[in-house]
Amino acid sequence: MSSIFLAVVVLFPIVGGALIPLLPFRSRAQMMVYTEGVVLLNSILAIALLLNRPAGEFVLLRFTSNLTLSFRIDGLGTVFAGLISVLWPLATLYAFEYMKHEEHEKFFFMFYTITFGITMGIALAEDIVTMYCFYEMLTLVTLPLVIHTLTREAVLAGRTYLYYSLGGAAFAFIGVIFILIYGTSPEFVAGGVLDLAKIGDRTNLLLLIYVLCFFGFSVKAAMFPFSGWLPKAGVAPTPVTALLHAVAVVKAGAFATMRITYYSFGTEFLRGTWAQTAVLIPIIITIVYGCSRALKETHLKRRLAWSTVSNLSYILFGTALMTPLGLVGALCHMICHAVIKICSFFCAGAVICQSGREYIHQLDGLGKKMPKTFVIFTISGLALMGVPGLAGFISKWNLVKAALDSTHPLAVVGVAALMISALLTAIYMLTISVRAFVLNAPSETKNTAEHKIVPYEEVRDPGWMMLLPLVLFIAAMVVIGLHPEPLIDAFTQIASALS
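Just so it is clear, the structure is predicted and the values come from calculations on it, not from any experiment.

S.K.: It is not clear to me how the overall build of the protein chain should be interpreted in this structure. Could you clarify?
M.R.: Counting secondary structure elements, the protein chain contains 20 helices and 2 strands. Along the longest, intermediate and shortest principal axes, the C-alpha atoms of the protein chain span 75 × 55 × 45 Å. Looking at the protein chain as a whole, 61% of its 499 residues qualify as buried. In the protein chain, once contacts between residues fewer than 6 apart in sequence are set aside, the share between residues at least 24 apart is 81%. Of the roughly 18,100 Å² of accessible surface on the protein chain, a fraction of 67% belongs to carbon and sulfur atoms. Within the protein chain, the 26 negative side-chain charges are centred at a point lying 5 Å from the centre of the 32 positive side-chain charges.

Here it is as structure tokens:
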């Protein structure tokens, strides 16, 4: 395929989304068909592009002779772009039913669709300048989604999200500048681009810049101590929080840390240095901290948000091991966690949408009224724990294997953190399922400011537009859990190019 399609899969959903408020749709159904058509067509084109990679790059905009806005497909970009392309059409379908009672739908789906294109821009970026530009645009297009309801809580959450994101971007920008100065090229090259002759005796300075850059990009991945924005962003509509937590924002942060570690600074320069230790320590802390906060949390979506904080650091842990096996484990968990977490968030959204209940103590007995939703939620919980036969086990197994193969002393501490996290995950996920299926419903439940409680007798499972994505996600968890070889082989091939 021609390299021009690299720009098409980025720009088409941006332009198509921007037109949604301007087009004279005669009914909501027409808007739904148009929106799903744009997203689905772009996903099909993107997957076709990934299967038939163009040999070269496409330059969209040239700033100087060596600074461009350009796109190219490599192995790492294929993984992220493929994940986006598969999940976005399903998420959009789910959003149609969830948003049917919400206001300003056209503007919601405008930003929702534009975000698809911006995230594709991050995945297909040829160099660090292009990735950074789209990374910043991602903050701007997702902010209106976070504050969509315009409640006081949503506005405050949006403000927090903006402050954290801009602060992280400032630190990341320092890394971009130093790569341009001390690198042989701004492009992503397996093994890194640093010019040791230029660095000279400034090794410790470059290591410090790497740590700052890693922390900057990992703000979106919610690494401690910058994880506070993610649970607050749970006030956004569930289709937004699911993409924030599973695909677009947080995975963009994790993806960016992989890029700078393996393709800009290079693991040969970083591995075994104090900089590796400096990023591993907060990562390990975050793994335990996130699931500990999830265990305490009584709000359903915020509990899942703190779970995301913990699981994102699984990906960062594999990245920071700075070995091919570590990258395999990180990529594996990026895929598996995306499928598991978007499923669990969509289940939570279905519960809130169908029953108005948002706190865990309000879910007692609800599994008898929404059996399909809570069975799927339970399976996603088992997968998140790492039960064999499901996707979560595969990714955790590969992370543990990579840690045990590593020579860094903190790797073993990381394995212990993963074990603690698995235990706490079992408690905070299965507690919800037990309450839903075993306990009886309370005699009465008061309305909240955000949601009107539906009487217990009237609660039902959602319609097919919500259930179909959930069923497909469960099928994906089982298929990956039972037949992980194609994914592992693909990730191993990507990692082998680094050595």
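More follows now that the structure is in view.
S.K.: Hey, could you run me through helix α17 (residues 391-405) in this one?
M.R.: Two residues of an α-helix separated by three or four positions point the same way, owing to the 3.6 residues in each turn. Helix length check: α17, at 15 residues, gives a terminal C-alpha distance of 22 Å against a target of 21 Å (1.5 Å per residue), a fit within 8%. Looking at α17, one finds that the buried residues are Ala 391, Gly 392, Ile 394, Ser 395, Lys 396, Asn 398, Leu 399, Val 400, Ala 402 and Ala 403. Buried residues along α17 sit against α14 (300-320), α15 (324-355), α16 (371-385), α18 (410-438), α19 (464-482) and α20 (485-496).

S.K.: I tried to follow the side chain of Thr 119 on my own but got confused; where do I start?
M.R.: Inspection of the secondary structure puts Thr 119 in helix α4 (residues 105-123). Residues within four places of Thr 119 in sequence aside, it is in contact with Phe 80, Ile 84, Trp 88, Leu 138 and Ala 248.

S.K.: What is the right way to read the nonpolar core from this model?
M.R.: The nonpolar side chains of soluble globular proteins are, as a tendency, buried together. In terms of nonpolar packing, the biggest core is built from 182 residues, with Tyr 210 and Ile 342 touching the most fellow members. Per-element tally for this core: the top contributor is α15, with 20 residues. Contact partners of Tyr 210, with chain neighbours within four places excluded, come to Ile 260, Thr 261, Phe 265, Leu 270, Ala 275, Val 279 and Met 322.

S.K.: Is there a simple way to explain the pattern of salt bridges in this structure?
M.R.: It is possible for side chains of opposite charge to pair when their charged atoms get near one another. Applying the stated criterion across every chain, the model contains 7 salt bridges. Here Arg 28 makes a salt bridge to Glu 105, at a shortest N to O gap of 2.8 Å. Placement of Arg 28 in helix α2 (residues 28-51) and of Glu 105 in helix α4 is noted, with a sequence separation of 77 residues between them. With relative accessibility at 12%, the residue Glu 105 sits in the buried group. For Glu 297, the salt bridge identified is with Arg 302, shortest N-O distance 3.4 Å. Taking relative accessible area as the criterion, Glu 297 reaches 13% and is therefore assigned buried. By relative accessible area, which is 23% here, Arg 302 ends up partly exposed. What emerges from the salt-bridge pattern is a single network uniting Glu 153, Glu 297 and Arg 302.

S.K.: In this structure, what is going on with the pairing of strand β2 (residues 68-71)? I would like to understand it.
M.R.: In regular strands, side chains alternate between the two faces of the sheet. Taking every second residue as pointing to the same face, both faces of β2 are buried, with Thr 68 and Ser 70 on one and Leu 69 and Phe 71 on the other. The pairing of strand β1 (residues 58-62) with β2 spans 4 bridges and is classified as antiparallel. Its bridge partner lying in β2, Arg 62 is registered against Thr 68. Hairpin connection, β1 to β2: the antiparallel pair is bridged by 5 residues.

S.K.: Even after reading the chapter, I still don't get the packing of α4 against helix α5 (residues 128-146), so can you show me in this structure?
M.R.: Helices that pack against each other are described as a pair by the angle of their axes relative to one another and the distance between those axes. Between α4 and α5, the shortest axis-to-axis distance is 9 Å and the interhelical angle comes to 165 degrees. For the element pair α4 / α5, the angle class is roughly antiparallel. Viewed along their axes, α4 and α5 form a crossing whose handedness is left-handed. Contacts from Phe 108, Phe 111, Tyr 112, Ile 114, Thr 115, Ile 118, Thr 119, Gly 121 and Ile 122 in α4 reach Met 131, Phe 134, Tyr 135, Met 137, Leu 138, Val 141, Thr 142, Pro 144 and Leu 145 in α5.

S.K.: What exactly am I supposed to notice about the state of the cysteines here?
M.R.: Note on terminology: disulfide describes a covalent bond linking the sulfur atoms of two cysteines. For the structure shown, the criterion picks out 0 disulfides. For Cys 291, which is in no disulfide, the shortest distance to another cysteine sulfur is to Cys 336 and amounts to 18 Å. Overall, the relative accessible area of 0% leaves Cys 291 in the buried class. Unpaired in this structure, Cys 353 has its nearest cysteine sulfur neighbour in Cys 347, at a distance of 13 Å.

S.K.: What is the right way to read a nonpolar patch on the surface from this model?
M.R.: On the surface, a nonpolar cluster with roughly 610 Å² of combined accessible area is contributed by Leu 11, Val 15, Leu 19, Leu 22, Leu 60, Leu 61 and Phe 63. Residue assignment for the nonpolar patch shows that the elements contributing at least two residues are α1 (4-18) and β1. Examined against the element boundaries, Leu 60 turns out to sit in strand β1.

S.K.: Just checking my understanding: could you explain unusual backbone geometry for this structure?
M.R.: Negative phi characterises most residues that are not glycine, and trans characterises most peptide bonds. With omega at 10 degrees, the peptide bond leading from Phe 224 into Pro 225 counts as cis. Examined against the element boundaries, Pro 225 turns out to sit in the loop between α8 (203-218) and α9 (229-232). We note that Ala 222 has phi near 60 degrees; this positive angle belongs to a residue other than glycine. Relative to the assigned elements, Ala 222 resides in the loop between α8 and α9. Looking at Ala 222, the relative accessible area reads 0%, which means it is buried.

S.K.: Quick question: what am I supposed to make of the packing of aromatic side chains here?
M.R.: To describe a pair of aromatic rings, one takes the distance between the centres and the angle between the planes. With the rule as written, the count across this model stands at 22 aromatic pairs. Of note, Lys 220 hangs over the ring of Tyr 135, and the distance from its end group to the ring centre comes to 4.4 Å. Sitting over the face of the ring of Tyr 263, Arg 259 holds its NZ or CZ atom 5.0 Å from the ring centroid.

S.K.: Looking at this model, I keep getting lost on the environment of Ala 81. Mind explaining?
M.R.: Tracing the chain through its elements places Ala 81 in helix α3 (residues 75-98). Residue Ala 81 is classed as buried on the basis of its relative accessible area of 0%. Between the C-alpha atoms of Ala 81 and Leu 180, which are 99 residues apart in sequence, the distance is 25 Å. Dropping the residues within four chain positions of it, Ala 81 is found in contact with Leu 50, Met 120, Ala 123 and Leu 124.

Criteria and thresholds
Residues numbered from 1 in each chain as written. Predicted model: local features only at pLDDT ≥ 70, side-chain atom pairs only at ≥ 80, totals over all residues. Heavy atoms only, no water. Helix = DSSP H or I, 4+ residues; strand = E, 2+ residues; numbered from the N terminus. Buried < 20%, exposed > 50% of the residue type's maximum accessible area, 1.4 Å probe, protein only. Contact = heavy atoms within 4.5 Å. Areas by Shrake-Rupley, 256 points an atom, 1.4 Å probe, with all protein chains shown as cover. Lys, Arg positive; Asp, Glu negative; His and termini not counted. Charge placed at Lys NZ, Arg CZ, Asp CG, Glu CD. Expected span 1.5 Å × (residues − 1). Core = buried A, V, L, I, M, F, W, Y, C linked by side-chain atoms within 4.5 Å. Salt bridge = Lys/Arg side-chain N within 4 Å of Asp/Glu carboxyl O. Pairing = 2+ DSSP bridges. Axes fitted to C-alpha atoms, helices over the stretch in contact; angles between N-to-C directions. Parallel < 35°, antiparallel > 145°, perpendicular 65-115°, else oblique. Left-handed = near helix turned anticlockwise from the far one by under 90°. Disulfide = S-S within 2.5 Å. Patch = residues over 30% accessible without salt bridge, like charges linked within 9 Å, V, L, I, M, F, W, Y side chains within 5 Å. Phe/Tyr/Trp six-rings, centres within 6.5 Å; stacked < 30°, edge-to-face > 60°. Lys NZ or Arg CZ within 6 Å of the ring centre and 35° of its normal.

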